[in-house]
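Here are the chains, one letter per residue:
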Amino acid sequence: MQKFLIKLSIFFLTFHIAFKCFSENLNLREKEINACSVEEVITWNDGVDKKTNIPNLTFVYVPGNEPSAFSSQEVTDMVKRAVNAWSTCGISTQVSVRADPNYSSNNEVMIIWNDAKSMGNIGASDTVHQRLYLSPSVFKLLKERRPTYDSRYTLQMTLSHEIGHFYGLVAHSKRCVDVLSYYKDASGAECTVGSKEEFKRYIEYRSEFPTACDLQRCRRNNQ
Ligand SMILES: [Zn+2]
């Protein structure tokens with residue numbers, strides 16, 4: 001009986017430790033998204049951040065040319081969600097929709113699906129001409145390669161990332177979870193993360209919205 005009780009308590013102890021590790025990992029990414037200490041705000045030094053220079057900034061979504069996985073309304077809603085998530089940075093921003101990409105005013109950033117202008121990237125920002133490009137073919141490829149993966153996550157992340165560039169976050173973040181991050185540079189150097197194992201579990205570890213560090217950097221640049 002005593003032996004049985006010892007075995008039983010070992011079983012429960014093992015179960016308890018395994019569950020604790022699992023739940024800690026489950027929360028690690030969430031914790032990284034929601035918390036940021038000053039020393040964590042580090043970039044790849046691939047650009048110099050600056051204050052956004054567009055007063056009354058408006059993102060104008062140009063419907064049409066979306067990959068079949070997304071409707072115009074869905075993408076418009078994602079733009080609004082990204083802008084809303086950045087709002088605590090304190091830059092007043094509007095979102096509107098216009099079918100004609102050739103007409104725009106000084107305060108407008110046009111969001112356009114265009115493969116040539118995206119230059120092989122899933123998204124690209126032309127801050128000089130105030131154009132945010134998305135690539136239909138890269139999203140199509142993602143759908144072909146990972147048919148069960150919900151690519152809306154990647155589109156939301158891409159929009160939040162590119163919009164961040166228009167808020168003056170020119171450099172990319174070195175913290176893997178930040179929406180402004182990239183994972184590896186040309187020399188093979190890797191982004192920083194609390195657990196490499198946890199990082200590998202995700203198709204996209206990056207947050208779909210700005211993290212506490214992205215927002216801290218945005219506020220600092222735009223003070
Ligand atoms: Zn970028």
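What you see is a predicted model; the values in this text were computed from it and never measured.

Colleague: I'd like a rundown of the overall build of the protein, residues and numbers included.
Modeller: Helix and strand content of the protein: 7 helices and 5 strands. In the protein, the proportion of contacts linking residues at least 24 apart, taken out of those at least 6 apart, comes to 71%.

Colleague: Which residues make up the environment of isoleucine 203, and what values do they have?
Modeller: Tracing the backbone through its elements, the reader meets isoleucine 203 in the loop between helix H6 (196–200) and helix H7 (212–221). With 11 C-beta atoms packed within 10 Å, isoleucine 203 lands in the exposed category. Separated by 57 residues in sequence, isoleucine 203 and arginine 146 have C-alpha atoms that sit 9.7 Å apart.

Colleague: Tell me what's going on with the environment of methionine 110, and back it up with residues and numbers.
Modeller: For methionine 110, the location among the structural elements is in strand S3 (residues 108–113). Since 21 C-beta atoms lie within 10 Å of it, methionine 110 is described here as buried. Sequence separation between methionine 110 and valine 62 is 48 residues; the distance between their C-alpha atoms is 6.8 Å. Aside from chain neighbours lying at most four places away, what touches methionine 110 is Val60, Val62, Pro101, Ser104, Gln130 and Arg131.

Analysis parameters
- Residues numbered from 1 in each chain as written.
- Predicted model: local features only at pLDDT ≥ 70, side-chain atom pairs only at ≥ 80, totals over all residues.
- Helix = DSSP H or I, 4+ residues; strand = E, 2+ residues; numbered from the N terminus.
- Contact = placed C-beta atoms within 7 Å.
- Buried ≥ 20, exposed ≤ 12 C-beta atoms within 10 Å, placed from the backbone.

Spatial relationships are all this shows, so hold off on functional conclusions.
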